[in-house]
Amino acid sequence: MHRARRWTVAAGLTTLLVLVAFVPAAAATPDDTSHRAGAVAATPETRSANVSGLVDGEQIGSQEGNSAEQVADSDTITVLQSFNLTRNRSGSVAVRLSYTVPDRVRSLETTLPENATVTRAAGFTRVNGTTYEWDGESTTPVLSYRRNPNETINRSGPEGASGRYLGVDAGEWALFTRSPTPTEWTYVGTPPVTFERDMRTVGPGATGDWLVYLGDVETVERTANDQTIRLAVPERASMAESPEAVLSSLSNASNALRVGDRDERVFVLAAPTGENVTWGARGYQIGDADMWVKDTERLDTAENIWLHEYVHSRQAFRPTTQTRWLLEASAVYYAASLTLEQDRIDFDAYRSRLGAGSEPVYDGIILAAPSTWTDSANYYRGPLVAGRIDEQIRLATDDERTFQDTMRLLNGRTRAVTQASLLSTVERAGGQQARTLTAEYTESTATVGMWNESHHAAVFGQLPARIGYALPAMDNRSAYRVDGPYRVGPVGGNTPIQLVVGETLTVDAAVRNAGGTEGQYNATMDINGTTVTTDRGRIAPATSRTVSLAHTFVTPGRYTLSLDGDNVTVVVRRPARTEVTQVAVSSQTARAGEEVVVTATVTNTADIPATGRVVFTRDFEGVAERQVYLPARNSTELSAGVSLVEPGETLLAAGSADPVTVTVTPAATRAGTPTPTPPPPTTTSPNRTTGTDGPGFTVGLALLALTLGALVASRRRGD
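Within any chain, residue numbers begin from 1 and follow the written order of that chain's sequence. Totals for whole chains, interfaces and linings use every residue, but because this is a predicted model, local features are given only for residues with pLDDT of at least 70 and side-chain atom pairs only at 80 or more, for both listing and counting. Neither water nor hydrogens contribute to the side-chain values; these are computed over all heavy atoms in the structure.

Engineer: Before we go on, may I ask you to explain the pattern of salt bridges in this structure?
Structural biologist: In a structure, side chains of opposite charge can pair up when their charged atoms sit close to one another. Think of a salt bridge as a Lys or Arg side-chain nitrogen and an Asp or Glu carboxyl oxygen that are within 4 Å of each other. For the structure on display, the rule yields 23 salt bridges. Residue aspartate 363 is joined to arginine 381 by a salt bridge in which the shortest nitrogen-to-oxygen separation is 3.7 Å. Taken together, the positions of aspartate 363 in the loop between helix H4 (347-355) and helix H5 (377-397) and arginine 381 in helix H5 put the pair 18 residues apart, joining distant regions of the chain. Think of it in three bands: residues with accessible area under 20% of the maximum for their type are buried, residues over 50% are exposed, and the middle band is partly exposed, with areas taken using a 1.4 Å probe on protein chains only. Residue aspartate 363 is classed as partly exposed on the basis of its relative accessible area of 37%. Overall, arginine 381 belongs to the buried group, its relative accessible area being 2%. As a salt-bridge pair, glutamate 427 and arginine 435 come within 3.0 Å of each other at their nearest N and O atoms. What makes glutamate 427 partly exposed here is its relative accessible area of 29%. Judged by its relative accessible area of 25%, arginine 435 falls in the partly exposed class. For the purposes of this entry, the term helix denotes a DSSP run of H or I that reaches at least four residues, the term strand denotes a run of E that reaches at least two, and both are numbered from the N terminus.

Engineer: So what exactly am I meant to see when it comes to the packing of helix H3 (residues 325-341) against helix H6 (residues 403-411) here?
Structural biologist: Helices that pack against each other are described as a pair by the angle of their axes relative to one another and the distance between those axes. Helix axes are fitted to C-alpha atoms over the stretch in contact, other axes to C-alpha atoms as well, and angles between N-to-C directions run from 0 to 180 degrees. Two numbers describe how H3 lies on H6: the axes approach to 13 Å, and their chain directions differ by 140 degrees. Taken together, H3 and H6 sit at an angle that is classed as oblique. Classified by chirality, the crossing of H6 by H3 is left-handed. When H3 is examined against H6, the residues Leu326, Ser330 and Tyr334 are found in contact with a partner set consisting of Phe403, Gln404, Met407 and Leu410. Along the lines of polarity and charge, the residues of the contact of H3 with H6 split into five nonpolar, two polar and no charged. Our angle categories are set so that under 35 degrees counts as roughly parallel, over 145 as roughly antiparallel, 65 to 115 as roughly perpendicular, and the remainder as oblique. By convention the crossing between two helices is left-handed if the near helix lies anticlockwise of the far one by an angle smaller than a right angle, and right-handed if it lies clockwise. Residue contacts are defined here by distance: any two heavy atoms, one from each residue, within 4.5 Å place the two residues in contact. Each residue gets one of three labels, nonpolar for Ala, Val, Leu, Ile, Met, Phe, Trp, Tyr, Cys and Pro, charged for Asp, Glu, Lys and Arg, and polar for the others, Gly among them.

Engineer: Can you walk me through the packing of aromatic side chains in this structure?
Structural biologist: Each aromatic ring pair is characterised by the separation of its centres together with the angle its planes make. Only the six-membered ring of Trp is used, alongside the rings of Phe and Tyr, when aromatic pairs are assigned; centres must lie within 6.5 Å, and planes under 30 degrees apart are stacked while those over 60 apart are edge-to-face, with the rest tilted. Summed over the entire model, instances satisfying the criterion amount to 13 aromatic pairs. Pairing tyrosine 284 with tryptophan 292 gives two aromatic rings, centres 5.9 Å apart and planes at 45 degrees, and the pair type is tilted. By relative accessible area, which is 0% here, tyrosine 284 ends up buried. Cluster of aromatic residues (ring-pair linked, three or more members): Trp279, Tyr284 and Trp292. Lysine and arginine charges are scored as sitting over a ring when NZ or CZ, respectively, is within 6 Å of the ring centre and within 35 degrees of the ring normal. In this structure, arginine 178 is placed above the aromatic ring of tryptophan 210, and the distance from its NZ or CZ to the ring centre is 4.5 Å.

Engineer: Sorry if this is basic, but what is going on with the sheet that holds strand E34 (residues 579-585) here?
Structural biologist: Picture the strands of a sheet paired through backbone hydrogen bonds; they go either parallel or antiparallel. Strand pairing is assigned whenever DSSP identifies at least 2 bridges connecting the two strands. With antiparallel pairing, three strands are arranged side by side in an open sheet as E34-E36-E39. Only two strands of the sheet have a single partner each, and these edge strands are E34 and strand E39 (634-643). Put simply, the sheet's adjacent strands are angled 25 degrees from each other on average, direction ignored. When strand E36 (residues 595-604) meets E39, the two strands line up antiparallel, connected through 10 bridges. Among the inter-strand pairings, threonine 599 is bridged to a residue of E39, identified as serine 639.

Engineer: Sorry if this is basic, but what is going on with unusual backbone geometry here?
Structural biologist: Negative phi is the rule for most residues except glycine; trans is the rule for most peptide bonds. The omega angle of the peptide bond from threonine 495 to proline 496 is 0 degrees, so this bond is cis rather than trans. Even without a glycine there, the phi angle at aspartate 261 is positive, about 50 degrees. Along the chain, aspartate 261 falls in the loop between helix H1 (243-256) and strand E20 (265-271). Aspartate 261 sits in the buried class, given a relative accessible area of 2%. You will see that serine 376, though not glycine, has its phi angle at about 50 degrees, which is positive.

Engineer: I would appreciate a short explanation of the pairing of strand E5 (residues 93-100) in the present structure.
Structural biologist: For a regular strand, the rule is simple: side chains alternate between the two faces of the sheet. Where strand E4 (residues 76-85) and E5 come together, eight bridges link them in antiparallel fashion. For leucine 80, the partnering residue across the bridge sits in E5 and is serine 98. Judged from the six bridges that link them, E5 and strand E10 (residues 142-147) form a sheet pairing that is antiparallel. Within E10, the position partnered with valine 95 by the bridge is tyrosine 145.

By themselves, these observations are geometric and do not establish any function.
Structure below.
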């Protein structure tokens, strides 16, 4: 069961001095549930002196205090959200919001859930029924309230359960989803003031980004494939599987699914059953990677709910009405397929689950038209169609590509997945025939059949190429490099990455093939959802390699750099302006006609690179120019030779620095040097050469030479 997740909407409004970043509450997922939306958030961008932002805050904070953008404490609004059981009040938990507000913040408002009963407001004043405004003075304002965590649903189908609860206060323990508390603020200066949330429990308990459990609980975790999976097992839970087995199955799925959107941390909670608590679903996933699964759920079933909810955590695409079937269909399909690969079920169980989609009850349905669905068609016909598409892609590419390639491409989209975009994405992965088959199976009532075991062995038995991509960790400074006229070197280590116009960012991306077949990789880097560069090649099974992807930013702005669902924020600004802070000359006295070297000290005091054109002047007239590029907070010296023309005082300068006076004396003349006398004119041929130290080559000598030459020639003829 899947709840709306990570579908951020943002709009900006810019005036002369004020930028407002606004994020409305996310719309509910267009599926057959009535659940409210998951996390939405935005970080405001500073473009002027006074900036305002609104953040729902949901995806930034976590129990570990992780933040989408780690910055200095003075640039971050932090809120510690703590939860406590109210044992003497049934259907109620206590919540406390403790803010830390930086000096640069000028105003702050937060909105509490509608069912909240405020018990304390220190440093806040009430604006209306649910909105509270910071008083502008307290640096650690606090809001405390009580709320009812009970939440119900009326659910049927394969994921439905006999009860109604999605969240509950059972008296001695509680399991629920925290409510959004949208926070709006204004601030001055740069860089942007961001928002960070930390979740904790008062007393025993465990939290993810969204889910909260209050009560005695034990947590175990495992890190694999750049992902840490934390499993919380309440003392009251009666696990049908060991925590180690659950973690093994989830870690295996983390490695096998190469569809992008692999969150760094996953929070899984075993929901206690019994004690008059009847859950309305077998499992439930919310936010980026929070989920609970009933403690009675097993791993050795084709409906493996543990893996079903995990697959939901790897879906980042936003469907439309025509593609809404894909959410549950892909979760069911991969839960069954991965469980089969893990040897937890046999092919008969696998075939029974997927083959249910070929039953006559689904003959009249059209997956792209939900109004035609009956008996949870997206849970039954949908997975079978997903399998058939997977089959066609594998056959067309000799197992080099699979339906996972389609899912990865969909996860990389920033726009909603329409039917047309689904078909084009399938075609990119498997060719025209795969597109035609997908259109037939989703746009018509065409009969879809299940394959047998021998065909499965022939098509699916060989472990295909499973190629995944990942951006390097931000603490790997050398994996993010800048090249340009200002600087060359690493820029990783902090986010957002700060660049200026004209600089090229190179990222060392990781490519891994976890499959059993050599395959073609396409490492594609997107900027704000548009592909800007791709590196292609082949990669052997069970190997990894690093590829370098580069892009030159030519326009200022805030950009999201994406690779296979991994995102990094890049802020590009116009370069600062350099300043000439000092001028020096090689000599303050010189003669007319001589040259003096003028040296300008050029400085960049900004936190970003700077550029400028330094003009060297003589008596305020330009005589030379130099272009300069400087890294942040740096300086250099530029020199130019300036000739001195007339005697007197000459002002030499560069840029806007104070000029230097040079005293110029008249040009010197050499005393006692005789004026040379030209030689008397002679009549000779143009090639005549006369030396200055001898008699020269005269006409007489020439005649003598001719006579001797004739005698020699005559003698030789005689011989």
